[in-house]
Amino acid sequence: MDRIPVYVMTEFLGSGKSHRLNDILAQRRYRKCLVILSEKGRTDVSTEDKIVLDASSLSDEELVEKAGRIIRDHWIGEIWWEWNGCLLYTSDAADEL
C-alpha cells in the first residue's frame, strides 16, 4: 500500500480550526479525502464531497479499524484530522494509521 499523507489540525477550542479546514478542503475538490473529526463540542466542517469519520466516541482500536476500512474501500489520497486535544489517543493508534 502506498503512503497516504496525514495532516493534523490541532489548536484550542474556538480558534478557527474548522474554518481553516473548510478553506483547505474546498481547494481539494478533486481529491479523495478522509476527514477525521476528534472534537468535543460542535464542529462545522463542510464535507459534501469528502468522507467523514466522527471519532469523538471511538476507542483507539475502533478508530484504527474504521479508518483502515475506509482507506482500503475508497482509495483515500489524503487524511485530514481535526483534533482539539480534548480526546486522548495512544501513540500506537496514530502509528497504525
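See the structure shown above.
The following paragraphs examine the structure supplied in this document. In this text, all values refer to a predicted model and were calculated from it rather than measured experimentally.

Quick look at the pairing of strand E2 (residues 33-38) now. In terms of burial, E2 is largely enclosed, as 6 of its 6 residues are buried. Where E2 lies against strand E4 (residues 78-83), 6 bridges are found, and the strand directions are parallel. What sits directly across from Cys33, in E4, is Glu78. Examined bridge by bridge, E2 and strand E3 (residues 51-54) share 4 bridges and lie parallel to one another. Across the sheet, Val35 pairs through a bridge with Val52, a residue of E3.

A few words now on the nonpolar core. Core analysis: the largest hydrophobic core is formed by 13 residues, its most contacted members being Leu34, Ile36, Leu53, Leu63, Ile70, Ile76 and Ile79. Those elements that place two or more of their residues in this core are E2, E3, helix H2 (60-74) and E4. With 4 residues, H2 is the largest single contributor of residues to this core. Leaving out residues up to four positions away in the same chain, Ile76 has contacts with Ile4, Lys32, Cys33, Leu34, Ile51, Ile70 and Ile71. Ile24, Leu25, Val35 and Trp80 belong to the second-largest nonpolar core, a separate cluster that totals 8 residues.

How each quantity is defined
Residues numbered from 1 in each chain as written. Predicted model: local features only at pLDDT ≥ 70, side-chain atom pairs only at ≥ 80, totals over all residues. Heavy atoms only, no water. Buried < 20%, exposed > 50% of the residue type's maximum accessible area, 1.4 Å probe, protein only. Helix = DSSP H or I, 4+ residues; strand = E, 2+ residues; numbered from the N terminus. Pairing = 2+ DSSP bridges. Core = buried A, V, L, I, M, F, W, Y, C linked by side-chain atoms within 4.5 Å. Contact = heavy atoms within 4.5 Å.

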